[in-house]
Amino acid sequence: MVGIVLVSHSGPLAVEVATLAAQICGVAVPLAPAGGTPDGGLGNSAELVAAAISQVDQGDGVVLIPDLGGSVLTARLFEAPEIVVADVPFVEGAVAAAVSASTGAPLRAVLAAAEEARAFRKL
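Residues numbered from 1 in each chain as written. Predicted model: local features only at pLDDT ≥ 70, side-chain atom pairs only at ≥ 80, totals over all residues. Heavy atoms only, no water.

Enquirer: Just give me the short version of the pattern of salt bridges, but keep the residues and values in it.
Expert: A full pass over the atoms with the stated rule returns 3 salt bridges. The residue arginine 76 makes a salt bridge to glutamate 79 at a minimum N-O spacing of 3.1 Å. (Salt bridge = Lys/Arg side-chain N within 4 Å of Asp/Glu carboxyl O.)

Enquirer: Lay out helix H5 (residues 107-116) with the relevant residues and their values.
Expert: Restricting attention to buried positions, one finds in H5 the residues Leu107, Val110, Leu111, Ala113 and Ala114. The arc that holds every buried residue of H5, seen down its axis, measures 160°, which confines them to one face. The outward face of H5, more than 90 degrees from its buried face, is lined by the exposed residues Arg108 and Glu116. As for H5, its buried residues are in contact with strand S3 (62-66), strand S4 (83-85) and helix H4 (90-102). (Buried < 20%, exposed > 50% of the residue type's maximum accessible area, 1.4 Å probe, protein only. Helix = DSSP H or I, 4+ residues; strand = E, 2+ residues; numbered from the N terminus. Arc of directions from axis to C-beta. Contact = heavy atoms within 4.5 Å.)

Enquirer: Break down the nonpolar core for me, citing the residues and quoting the values.
Expert: Counting 25 residues, the largest nonpolar core has Ile4, Leu6, Val63, Ile65, Ala86 and Val110 as its most contacted members. When contributions to this core are tallied by element, the ones reaching two or more residues are strand S1 (3-8), helix H1 (11-25), S3, H4 and H5. Tallying contributions element by element places H4 first for this core, with 6 residues. When sequence neighbours within four positions are dropped, the list of residues in contact with leucine 6 reads Ala14, Val17, Ala18, Leu31, Ala32, Pro33, Ala34, Gly35, Ile65, Phe90 and Ala94. Counting residues in hydrophobic clusters, the runner-up holds 14 residues, among them Val49, Val56, Val62 and Ile83. (Core = buried A, V, L, I, M, F, W, Y, C linked by side-chain atoms within 4.5 Å.)

Enquirer: Lay out the pairing of strand S2 (residues 31-35) with the relevant residues and their values.
Expert: Judged by how many residues are buried, S2 sits mostly within the fold: 4 of 5 residues are covered. The pairing of S1 with S2 spans 5 bridges and is parallel. Note on S2: the bridge partner recorded for isoleucine 4 is leucine 31. After leaving S1, the chain enters H1 and then returns to the sheet as S2, a path that is right-handed. (Pairing = 2+ DSSP bridges. Right-handed = clockwise from strand over helix to strand, strands pointing away.)

Enquirer: Go over the sheet that holds S3, please, and point to the residues and values.
Expert: A sheet is described by the order of its strands in space; here 4 strands give the open sequence S2-S1-S3-S4, paired in parallel fashion. This sheet does not close on itself; its edge strands, each paired only once, are S2 and S4. Within this sheet the neighbouring strands show an average axis-to-axis angle of 20°, counted without direction. Alignment of S3 against S4, held across 3 bridges, turns out to be parallel. Considered in S4, the bridge of valine 63 is made with valine 84. Of the strands in this sheet, S1, S2, S3 and S4 touch helix H2 (residues 46-56), which is tilted by about 175° from S2. (Axes fitted to C-alpha atoms, helices over the stretch in contact; angles between N-to-C directions.)

Enquirer: If you had to explain the environment of aspartate 57 to someone new, which residues and values would you point to?
Expert: Along the chain, the position of aspartate 57 falls in the loop between H2 and S3. With a relative accessible area of 37%, aspartate 57 lands in the partly exposed category. Sequence separation between aspartate 57 and isoleucine 4 is 53 residues, and the spatial gap between their C-alpha atoms is 8.3 Å. A distance of 2.8 Å separates a polar atom in the side chain of aspartate 57 from the backbone nitrogen of glycine 59. (Polar contact = N/O pair within 3.5 Å; in protein donor to acceptor, adjacent residues only side chain to side chain.)

Below, the structure is given as structure tokens:
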């Protein structure tokens, strides 16, 4: 199954979005938050992202979903053929990626599902 890492400036935000996505998809998707700094502060940590990637990587690829600014730069440090960065809205992209991954979809399909979240309308 494709893994998903939520890269945020805020540890609590990453945890809550991961919880929401996991609850909505209802299946045990390999999903990990990587938010804030190792000491619990606001910011980004390549160390936390690397650990989260290791945690969720089951051999089918990993989608990194950053929230904004510096988290995008941190996520891009890990880009590889099997690790992709999704340019998507943080919450909607995380939910769409988790639901897609829960079906056993391959990496590119999970990324595409997350990217479709950019066009979701609320009204």
